[in-house]
Amino acid sequence: MIKVENLKKTYPGKVPTFALKGVSLQVVNGEFVAIMGRSGAGKSTLLHQLGLIDKPTEGEIFIDKVNVLELSDAQKTGFRLQHLGYVFQEHALIAEMTALENVYLPALAFGDNHNHYKKRAAEMLKTVDLGHRLDHYPDELSGGEQQRVAVARALINKPKILFADEPVANLDTDSSKVVLELLQKLNKEMKQTIIMVTHEPEDKKYVNRVIWLKDGLLEKIED
Amino acid sequence: MSARIVGIDPDEENKVLKLADHMVSGEYLDGINSDEIVLGADTAGGYGEAPEGDLGGVKVGDEVQVNYSNTITRIYKVKGIYKIGFYSGLGIISSQEAESILSVHDSASQIFVKVNLDQDTIDNYLESVKGIAPNLEMRKYSDLLGEEEPIITALDAIALVVSAVSVVVAAITIFALIYVNAYSKRRQIGILKAIGIKQRVTVYSYIFQSIFYTLCGIIVGSVLVFLLIGPFFESHPLELPMGDVSLAFSSVMIFVSILSLLVAGILAGLIPSWRVAKQNILKAIGRV
């Protein structure tokens, strides 16, 4: 479970930007949650704090009762590798590596057995319906296929939480549908906890809950 | 005219000074015939202006009369004429002939010793010999150079400066390569960090890359120096007033050069990759 208490994030500058002004929320294991709101509401900022790729100015984040903000930078890196998965908006694959190599990279970094992680990466690509694209390079894949490879990569280390930062923002309607249905399937069949930032209202139908943000504050939670 | 006559053992001399490689006419002594002499070109004459006078153009096969200071007079057949970059003014006879002139046996007034500087320093060699023969007067080659020593020192200094500049240029080149490479992939590096790849893994990969570039440079440089430039200067030495100058290498010098290049290469890879790898993840992936 993720528990967030009074999370604040201020970007310093001549005129400081108060991106999060005190957000508290909970996400239970196995949920598929969307963070929505208008541009500048603080959606991505919240996701970055939850995913430990940015440091909040104030507040606490507990992931399965671990106060993750008390971890050192090196421990956070290890925690991300072992427990968290990421799907970014675009261009998140390594161009010089095949789909299979991109997927097993986090497992390789985790120190997994050589034969084991290759086999698991291939299985993961089959799960996202790319079993026939193992040896293709990113530029040989469509945008939707690239995002599905990114999903497979995010799942290779069996993370507790999968974070997706506007994963379909740059995809056409059909590809978006395929990726979102895949995330929904992973949530339903594998009980994968997913937190996704999106700005498309129609994406609500794929998730269990929507957390609405407005001007850096929690506006409402919609089931 | 007056000239200095030395007696040598041709076989032993050839291991050290190799005058036999500098014959411009005739042959070098073979140590068999005691009535033969090898003359320096400046003594024989006919090889340019001689600073201290000459014999007016003596040829191989001519006979020369030598009046020694101990009143002994001998006539020798000129077997060969040598010329080196320095003053070529010696008359060279066999050591047996010199001993008979001086009425001595199994003794020498000078011994030239060639040492291997790859194994030890010249000062340590001097110390070792001093331990065996404390009363022996010993001089380093540089002590015998006289007016030429500052030139040798200057050439050594130039070589040192050129080496240092080469290392700096190599380091700057590798730095630029790695920086451009790492900077153009900063988003990729940011994503790798975001998914949990340790920063040091990225840095190590760039250090390996810079070591690869350095090794390539060392290999290309070695091929150029040992297979092209070195042999070229060996066969076409620079003709300076003090003598012919070609490239000289010692294994210590090569080791130091390679080591300094590797250190410079590693630093040139470490600094830019570390700077890019430590960048904030959100900045790197363009989300700020």
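Q: Any chance you could explain the sheet that holds strand 10 (residues 217-222) of chain A here in plain terms?
A: Pairing between the strands of a sheet is mediated by backbone hydrogen bonds and can be parallel or antiparallel. Residues and elements named next belong to chain A. Judged by pairing direction, the sheet is mixed, and its 6 strands sit side by side in the order 6-7-8-3-9-10 without closing on themselves. The sheet is open, and its two borders are formed by strand 6 (84-87) and strand 10, each paired with just one other strand. Each strand of the sheet is rotated relative to its neighbour by a mean of 20 degrees, with strand direction disregarded. The sheet contact formed by strand 3 (residues 32-37) and strand 8 (residues 193-197) spans 4 bridges and is parallel. What sits directly across from A34, in strand 8, is M196. Where helix 5 (residues 143-155) meets the sheet, its contacts fall on strand 6 and strand 7 (161-165), and the angle it forms with strand 6 comes to roughly 170 degrees.

Q: Help me understand the interface of chain B and chain A, please; the structure alone is not making it clear to me.
A: Quoted interface sizes are often the accessible area lost when the parts come together. Residue-level contacts link 16 residues of chain B with 22 residues of chain A. Regarding the contact of chain B and chain A, the summed buried area is about 1600 Å², with carbon and sulfur atoms giving 61% of it. On the surface where chain B and chain A come into contact, there are 1 salt bridge. Of all elements in the fold, only helix 7 (186-194) and helix 10 (281-284) of chain B reach the threshold of two or more residues within the side of chain B that touches chain A. Element by element, the count of residues in the side of chain B that touches chain A is highest for helix 7 of chain B, at 6 residues.

Q: Explain the environment of Y213(B) here, please?
A: All names here are of chain B. For Y213, the position within the fold is in helix 8 (residues 199-235). You can call Y213 partly exposed: its relative accessible area is 27%. In this structure, the C-alpha to C-alpha distance between Y213 and L262, residues 49 residues apart in sequence, is 9.7 Å. Setting aside its immediate chain neighbours within four residues, Y213 contacts I174, L177 and I178.

Q: It is not clear to me how the confidence of the model for chain B should be interpreted in this structure. Could you clarify?
A: Reading fine detail from the predicted coordinates is not recommended where pLDDT is low. For chain B, per-residue confidence averages 88 on the pLDDT scale, and residues scoring 70 or more make up 96% of the total. On the interface metric, ipTM, the complex scores 0.85, and its pTM is 0.71.

Q: Would you mind going over the side chain of Q192(A) with me for this structure?
A: Residue and element names in this part refer to chain A. Take Q192: it is sitting in the loop between helix 6 (173-190) and strand 8. The exposure class assigned to Q192 is buried, which follows from its relative accessible area of 7%. Residues contacting Q192, with those up to four places away along its chain left out, are G30, E31, L155, P159, K160, I161, L162, L186 and N187.

Conventions and cut-offs
Residues numbered from 1 in each chain as written. Chains lettered and ligands numbered in written order. Predicted model: local features only at pLDDT ≥ 70, side-chain atom pairs only at ≥ 80, totals over all residues. Heavy atoms only, no water. Pairing = 2+ DSSP bridges. Helix = DSSP H or I, 4+ residues; strand = E, 2+ residues; numbered from the N terminus. Axes fitted to C-alpha atoms, helices over the stretch in contact; angles between N-to-C directions. Contact = heavy atoms within 4.5 Å. Buried area = accessible area lost by both parts, 1.4 Å probe. Salt bridge = Lys/Arg side-chain N within 4 Å of Asp/Glu carboxyl O. Buried < 20%, exposed > 50% of the residue type's maximum accessible area, 1.4 Å probe, protein only. pLDDT = per-residue confidence, 0-100.

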